[in-house]
Structure formats: structure tokens, C-alpha cells
Amino acid sequence: MVIQNLSAPQPPAQPSVPADTDEAVSIAEMRMESIKAGLLGAGAIGLVAGIAWAITRFTPIPLPLPNRPLAWLINLAVALSSGFFFGVTYRYIVRTDDNLHLGSGAVGAFALVRSLGQIEATWDDSFAFITWLLVTGESFLWFATARYTLDWAIGKRWITPLD
């Protein structure tokens, strides 16, 4: 003879709550700090990119910047996303160290990757050295501006560096 359990079905198990809720809050706070750093980096680079676009629009500087609205929006989207990723990464790079080479290295790495990618994409036999210098200079200006903006915000305690 088989005995059946006629009791009511048991509800599914509830998801477990982390034992250390302070750790969960800490992770959420760290993510918010990273988002703030990213948004600040995006804003700084977006501002510099807009100023560079306006200058080249009204002067004969041979920077390869877009002149159609859709191309300009794509360029702006790339600038903003580059600034966001730089801001988040910079916060993780500098931490609480006083090593100036970390910040400078981050600027150099991001600027060279951006400018060398642009140079490779637009390369042809008539490529002028002055164009390379301008593209590279613009990239260094972007990321140096974002770096000093982030350093300023960290100094004002608007953003906390990673411990």
C-alpha cells in the first residue's frame, strides 16, 4: 500500500537575501560612483568635442570632423561614450594613489588608441603629417580635460576614488 501526502503544496523557496546587506549597499554605492565618474567624463569630453567642432567649422583647421548632421551626431555619440568609459576607467586606475604616472598613462593610452584608430581609418597616400598631429592633439585634449575634471571632482569629494 502506498501512502500519499495529502498536505497542501509548499510554496517555492524565497530567494536568499545576502547575509551582509552592507556589502550589497557598498557595491551599489560603488556603482553609483562609477556612473557619476562616467557621466562627468562624458560631459567634459562632449563639451571639448563641441568646442573643437565649432572652431573647425569657422576656421580653416584641417581636422577631419563631420559636416553633415547625422555624421556629427555619430561623432558626438562616440565622444560621449569615450568620455563615459574613460571616466569609469579613470576612477579605477587612480584609486587613492598619489602616483601622477597613473593618470597620465590613462590619458596617453586612451588618446593614442583613439587617434591611431582614426588615422588608420582615414589613411591614404596623401595623408598629411599635420592632420596626424591635429587628430592626436585633439584626442589628448579630450582625455586630459576629462582627467582634470575628474581630479577636480575627486578633490571636491563629488566622486570618491576606489579604495
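Just so it is clear, the structure is predicted and the values come from calculations on it, not from any experiment.

1. Thoughts on unusual backbone geometry
Here is step 1: Phi at Arg157 takes a positive value of approximately 65°, unusual for a residue other than glycine.
Here is step 2: Among the secondary structure elements, Arg157 is positioned in the segment after helix 4 (129–155).
Here is step 3: Given the relative accessible area of 72%, Arg157 is considered exposed.

2. So, the layout of surface pockets
Here is step 1: What the largest pocket holds in volume is close to 210 Å³.
Here is step 2: Lining the largest pocket are 14 residues, and of these Tyr90, Val94, Asp97, Asp98 and Asp151 lie nearest its centre.
Here is step 3: Broken down by secondary-structure element, the contributors of at least two residues to the lining of the largest pocket are helix 2 (69–94), helix 3 (100–122) and helix 4.
Here is step 4: Residue composition of the lining of the largest pocket, grouped by class: six nonpolar, three polar and five charged.

3. Describing the side chain of Arg91
Here is step 1: For Arg91, the position within the fold is in helix 2.
Here is step 2: Put simply, Arg91 is tucked away with no salt bridge, and the nearest opposite charge, on Glu33, sits 4.9 Å away.
Here is step 3: Within polar-contact distance, the side chain of Arg91 engages the side chain of Ser34 at 2.9 Å.
Here is step 4: With residues near it in sequence (within four places) discarded, Arg91 still touches Met30, Glu33, Ser34, Ala37, Ile159, Thr160, Pro161 and Leu162.

4. Observations concerning the pattern of salt bridges
Here is step 1: This structure, assessed with the given rule, holds three salt bridges.
Here is step 2: Residue Glu138 is joined to Arg114 by a salt bridge in which the shortest nitrogen-to-oxygen separation is 3.5 Å. A residue pair is termed long-range when its members are at least 10 positions apart, and Glu138 in helix 4 and Arg114 in helix 3 qualify at 24 residues.
Here is step 3: We classify Glu138 as buried; its relative accessible area is 7%.
Here is step 4: Between Arg147 and Asp151 there is a salt bridge, with the nearest N and O atoms lying 3.3 Å from each other.

Definitions and cut-offs
Residues numbered from 1 in each chain as written. Predicted model: local features only at pLDDT ≥ 70, side-chain atom pairs only at ≥ 80, totals over all residues. Heavy atoms only, no water. Helix = DSSP H or I, 4+ residues; strand = E, 2+ residues; numbered from the N terminus. Buried < 20%, exposed > 50% of the residue type's maximum accessible area, 1.4 Å probe, protein only. 1 Å grid on protein atoms, 1.4 Å probe; cavity = no way out; pocket = protein on both sides within 12 Å on 5 of 7 lines; lining within 4 Å. Points joined across faces, edges and corners; volume = space filled by probe spheres on them. Nonpolar A, V, L, I, M, F, W, Y, C, P; charged D, E, K, R; others polar. Lys, Arg positive; Asp, Glu negative; His and termini not counted. Salt bridge = Lys/Arg side-chain N within 4 Å of Asp/Glu carboxyl O. Polar contact = N/O pair within 3.5 Å; in protein donor to acceptor, adjacent residues only side chain to side chain. Contact = heavy atoms within 4.5 Å.

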